[in-house]
Amino acid sequence: MADHDRIASAVAAAWSQNRDVTGGANADYIPALATVDPDLFGISVVTVTGDTINAGDANTEFAIESISKVFTMARAMDEIGSDAFHSQVGTDPTGLPFNSVMALALHGDKPMSALVNAGAMSSVSLIPADSTEDRWAKILAVQSAFAGRTIALSETINQSEQTTNAHNRGIAWLLKAAGYLYDDPVGVCDVYTRQCSTLITTADLATMGATLANDGVNPLTGARAVHGENVPHILAEMTMEGLYEASGDWAYTVGLPGKSGVGGGLMAVVPGRLAIAAFSPPLDSHGNSVRAQLAITQIAATLGLSLYRKPHEADGQNAGRESSIRLATAGRQK
Ligand code: GLN
């Protein structure tokens, strides 16, 4: 079977076999997310040649949430260089929830990872800017470059988050006190909250991932979104922290760098080849979408995409692995 047909059949199967999965719940600490239809379920794959395959609600917009951290990290690293980024934010897993204050306390209030809330705010503050609006414009621009279309803020999500983000504001002030927030905490937390409140589809998200898979060049527009030399650093960080405390299980089971958001989105990147994105609002206890994890796990297994195996080996011979992987993933649902 041609590559397109094999991918399309894996995507269609993952959608139809997981659409009725129950379990998990919408995020409700951000009130606007609690009201999103929990039955929504979309999957997209975009390859480095720009081939796009969609299933289900692939053109329904949802809040990007923590997946935004990847693109802010990319912009900050492009601006200050990967060595400075390494020392000023840190690049290790925390092993604790994405908004953990204990994770900070354990490491002298250093964020450790750009993919937890603390490190994401640190990353925002490292993007050189004359004002909050200037910094926000740069972050919207990088999200748009990765997606290949103009990404916009949801006023509803942003309003909901800005009025309930006292915990993140507290983290911003702790970082400021410790010397890991490089600008005004109020403005930085404001921009961080906005960057989580933009709207994307799985088709956008797969394009964003495919841009990482394609060494930083968007396969649909041909425009560079991040320096190629920074892509391996970003993918390594996604491997270590992309699904928070479940990142290790995800690497063990799926073998691909991934990133989740509490809006229900999840992307996984196969360097040099493609990205898979899935969206469904109900989350497990770590804040990762239940159906999206199952769908991407199944597609990666069916197509033999783990980075930790010989490339392109045994395409289509992994069907028997799907049921055990499904069980392993289901074990994470609480
Ligand atoms: N905006 C959310 C927060 O700061 C993002 C969290 C997430 O997606 N894991 O809590």
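Residues numbered from 1 in each chain as written. Predicted model: local features only at pLDDT ≥ 70, side-chain atom pairs only at ≥ 80, totals over all residues. Heavy atoms only, no water.

**Section: the overall build of the protein chain**
Helix and strand content of the protein chain: 15 helices and seven strands. Its C-alpha atoms give the protein chain a radius of gyration of 18 Å, near enough to 20 Å, the size a compact globule of 334 residues would have. Along the first, second and third principal axes, the C-alpha set of the protein chain runs to 55 × 40 × 35 Å. For the protein chain, with 334 residues in total, the buried portion stands at 58%. (Helix = DSSP H or I, 4+ residues; strand = E, 2+ residues; numbered from the N terminus. Rg over C-alpha atoms; globule rule 2.2 N^0.38 Å. Buried < 20%, exposed > 50% of the residue type's maximum accessible area, 1.4 Å probe, protein only.)

**A word on the site of the ligand**
What surrounds the ligand is the set Tyr29, Glu65, Ser66, Phe98, Asn117, Glu161, Asn168, Tyr192, Cys196, Tyr244, Gly261 and Val262. One of the side-chain nitrogen or oxygen atoms of Glu65 is found 2.7 Å away from a nitrogen atom of the ligand. Interatomic distance of 2.8 Å between a side-chain N/O atom of Ser66 and an oxygen atom of the ligand. Contact with the protein chains covers 99% of the free accessible surface of the ligand, which is 300 Å². (Near = heavy atom within 4 Å. Polar contact = N/O pair within 3.5 Å; in protein donor to acceptor, adjacent residues only side chain to side chain. Areas by Shrake-Rupley, 256 points an atom, 1.4 Å probe, with all protein chains shown as cover.)

**Let's talk about the packing of aromatic side chains**
Going through the model one piece at a time under the given rule, you end up with five aromatic pairs. Both rings, one in Phe62 and one in Phe279, keep their centres 4.1 Å apart while their planes meet at 5°; by these two values the pair is stacked. Taken together, the residues Phe62 in strand 3 (residues 62-63) and Phe279 in strand 7 (residues 274-279) connect sequence positions 217 residues apart. Using a relative accessible area of 0% as the deciding quantity, one classes Phe279 as buried. Cluster of aromatic residues (ring-pair linked, three or more members): Tyr29, Phe98 and Tyr244. (Phe/Tyr/Trp six-rings, centres within 6.5 Å; stacked < 30°, edge-to-face > 60°.)

**Observations concerning the pattern of salt bridges**
Counting across every chain of the model gives nine salt bridges. Across the pair Arg6 and Asp3 runs a salt bridge, and its minimum N-O distance is 2.6 Å. In this pair, Arg6 and Asp3 are both assigned in helix 1 (residues 3-18), three residues apart and thus about one turn of the helix distant. For Asp183, the salt bridge is made with Arg135, and the minimal N-O distance between the two is 3.0 Å. Remark: Arg135 occurs in helix 7 (residues 132-147) and Asp183 occurs in the loop between helix 9 (166-178) and helix 10 (185-196); sequence separation between them is 48 residues. Here Asp183 falls in the partly exposed class, since its relative accessible area comes to 29%. Classification of Arg135 as buried rests on a relative accessible area of 5%. Shared partners join several salt bridges into a network, and the residues in it are Asp3, Arg6 and Arg273. (Salt bridge = Lys/Arg side-chain N within 4 Å of Asp/Glu carboxyl O.)

**Remarks on unusual backbone geometry**
Even without glycine at this site, Glu65 takes up a positive phi of about 50°. For Glu65, the location among the structural elements is in the loop between strand 3 and helix 3 (68-80). Despite not being glycine, Asp215 has its phi angle at roughly 65°, a positive value. Note on placement: Asp215 falls in the loop between helix 11 (202-213) and helix 12 (231-241). Take Asp215: its relative accessible area is 44%, and that puts it in the partly exposed class.

**A closer look at the sheet that holds strand 6 (residues 265-270)**
On the basis of which strands lie adjacent, the open sheet formed by five strands has the order 2-1-7-6-5 and antiparallel pairing. The sheet is open, and its two borders are formed by strand 2 (52-56) and strand 5 (258-260), each paired with just one other strand. Adjacent strand axes in the sheet meet at a mean angle of 10° when their direction is disregarded. Alignment of strand 1 (residues 42-47) against strand 2, held across five bridges, turns out to be antiparallel. Looking at strand 2, one finds that Gly42 is bridged to Gly56. Packed on one face of the sheet, helix 11 meets strand 1, strand 2, strand 6 and strand 7 and runs near 30° to strand 1. (Pairing = 2+ DSSP bridges. Axes fitted to C-alpha atoms, helices over the stretch in contact; angles between N-to-C directions. Contact = heavy atoms within 4.5 Å.)

**Some thoughts on the side chain of Ser68**
Tracing the sequence through the fold places Ser68 in helix 3. A distance of 3.0 Å separates a polar atom in the side chain of Ser68 from a polar atom in the side chain of Gln195. The residues touching Ser68, leaving out its near neighbours within four places in the chain, are Gln143, Gln195 and Cys196.

**Observations concerning the packing of helix 3 against helix 12**
Viewed as axis vectors pointing N to C, helix 3 and helix 12 meet at an angle of 145°, and their least axial separation amounts to 10 Å. In the crossing of helix 3 with helix 12, the sense of the turn from one axis to the other is right-handed. Across from Val70, Met73, Ala74 and Met77 in helix 3, the residues of helix 12 making contact are His233, Ile234, Glu237 and Met238. Broken down by class, the residue content of the contact of helix 3 with helix 12 amounts to six nonpolar, one polar and one charged. (Left-handed = near helix turned anticlockwise from the far one by under 90°. Nonpolar A, V, L, I, M, F, W, Y, C, P; charged D, E, K, R; others polar.)

**Focus: helix 12**
Along helix 12, the residues classified as buried are Val231, Ile234, Leu235, Glu237, Met238 and Glu241. Buried residues of helix 12 fall within an arc of 160° about the axis and therefore sit on the same side. Looking at the packing, one finds that the buried side of helix 12 touches helix 3, helix 11, helix 13 (247-253), strand 5 and strand 6. (Arc of directions from axis to C-beta.)

**Notes on helix 3**
The terminal C-alpha atoms of helix 3 lie 19 Å apart, and with 13 residues this matches the ideal 18 Å at 1.5 Å per residue to within 8%. Within helix 3, the full set of buried residues consists of Ser68, Lys69, Val70, Phe71, Thr72, Met73, Ala74, Ala76 and Met77. Where helix 3 terminates, the next one or two residues include Gly81, which has phi positive at roughly 95°. (Expected span 1.5 Å × (residues − 1).)

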